[in-house]
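# Coordinate inspection notes
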Amino acid sequence: MRTLDVDGKVVATREEAATLAPLSATAVATLPDAALFAGGDPARTIAVAELLIDGRVTSRVLVSAAPKTMTLPDPGLTATWDGDRLTLTATKLARAVWLDFGKVEATPSDNAFDLLPGESVTVTVASKTSAAALRRALSVRTLAGIAAVKS
């Protein structure tokens, strides 16, 4: 569990080992908001709970104290294309990233994801359209609005 602000500054961290039975739910911790958000500004702070197995994140949940009133920054997204692979990197928190290609028929291997500050994700885009047309058609949306994406 990490608590961080939308710019990526870590406010608090907490780790717990847990043994989880298959196909079940296990309570690992119960934290009041005051402990979870570690005194951070509710409009700019999130808690990130991750389940790691063998050091790899297998599940992630982002929680905010005031989701309706959160001040989400421009995530500072950059896009890099390598053939049919698109890598997006965020400099600040990017909530609910959505890849849209307008009228161009294209199917990304993943969509509707969050990116933490400094984090990247690579998706494969399946399409019969040329790579140049995909680049031109790409529009990236987040909860902060349509993101200006640098290539």
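Please refer to the structure placed before this passage.
An account of the accompanying structure is given in this report. The structure displayed is predicted, hence computed values, not measured ones. (Residues numbered from 1 in each chain as written. Predicted model: local features only at pLDDT ≥ 70, side-chain atom pairs only at ≥ 80, totals over all residues. Heavy atoms only, no water.)

Moving on: the overall build of the protein chain. Secondary structure summary: the protein chain contains two helices and twelve strands in total. If you list the helices and strands of the protein chain from N to C, you get β-β-α-β-β-β-β-β-β-β-β-α-β-β. The dimensions of the protein chain, computed from C-alpha atoms along their principal axes, are 50 × 35 × 20 Å. Residues counted as buried form 30% of the 151 residues belonging to the protein chain. Partitioning the intrachain contacts of the protein chain with sequence separation of at least 6 by distance along the chain shows that 56% fall at a separation of at least 24. (Helix = DSSP H or I, 4+ residues; strand = E, 2+ residues; numbered from the N terminus. Buried < 20%, exposed > 50% of the residue type's maximum accessible area, 1.4 Å probe, protein only. Contact = heavy atoms within 4.5 Å.)

Sizing a probe to match a water molecule and rolling it over the atoms shows the empty space that remains. For the largest pocket, the calculated volume is near 770 Å³. As for the largest pocket, its lining consists of 25 residues, of which M1, V28, A49, E50 and L51 are closest to the centre. Sorting the residues of the lining of the largest pocket by element identifies β3 (45-53) and β4 (56-64) as the ones contributing at least two each. Residue composition of the lining of the largest pocket, by class: 15 nonpolar, four polar and six charged. (1 Å grid on protein atoms, 1.4 Å probe; cavity = no way out; pocket = protein on both sides within 12 Å on 5 of 7 lines; lining within 4 Å. Points joined across faces, edges and corners; volume = space filled by probe spheres on them. Nonpolar A, V, L, I, M, F, W, Y, C, P; charged D, E, K, R; others polar.)

A word on the sheet that holds strand β1 (residues 2-5). The strand order across the open sheet formed by four strands is β2-β1-β3-β4, and the pairing between neighbours is antiparallel. Only two strands of the sheet have a single partner each, and these edge strands are β2 (10-13) and β4. Going from strand to strand, the sheet's axes swing by 20 degrees on average, the running direction of each strand aside. Note: β3 against β4, eight bridges, orientation antiparallel. Residue pairing in the sheet places L52 in a bridge with V57 of β4. (Pairing = 2+ DSSP bridges. Axes fitted to C-alpha atoms, helices over the stretch in contact; angles between N-to-C directions.)

Locating S64 in the fold gives a position in strand β4. What makes S64 buried here is its relative accessible area of 13%. What S64 contacts, discounting residues up to four positions off in sequence, is F37, T45, I46 and M70.

This part takes up the nonpolar core. By size, the foremost hydrophobic cluster in this structure holds 20 residues, and its most contacted members are L86, L88, V97, L99, F101, L115 and V125. Going through the elements one at a time, β5 (78-82), β6 (85-89), β7 (94-100), β9 (113-115) and β10 (120-126) are the ones with two or more residues in this core. If sequence neighbours within four positions are ignored, L99 has contacts with L86, L88, P108, D110, N111, V123, L138, S139 and V140. (Core = buried A, V, L, I, M, F, W, Y, C linked by side-chain atoms within 4.5 Å.)

Considering all chains together, one arrives at eight salt bridges under this definition. In this structure, D7 engages K92 in a salt bridge whose closest nitrogen and oxygen atoms are separated by 3.5 Å. Here K92 lies in the loop between β6 and β7 and D7 lies in the loop between β1 and β2, a separation of 85 residues in the sequence. (Salt bridge = Lys/Arg side-chain N within 4 Å of Asp/Glu carboxyl O.)

This brings us to unusual backbone geometry. A positive phi angle, close to 55 degrees, is found at A96, a residue other than glycine. The exposure class assigned to A96 is partly exposed, which follows from its relative accessible area of 33%. Even without being glycine, A112 reaches a positive phi, approximately 60 degrees.

Let us now look at the environment of T80. Looking at the secondary structure, you find T80 in strand β5. Between the alpha carbons of T80 and R135 there is a distance of 9.6 Å; along the sequence they are 55 residues apart. The residues contacting T80, other than those within four sequence positions of it, are R85, L86 and T87.

So far we have only geometry, and geometry alone does not tell us how the molecule works.
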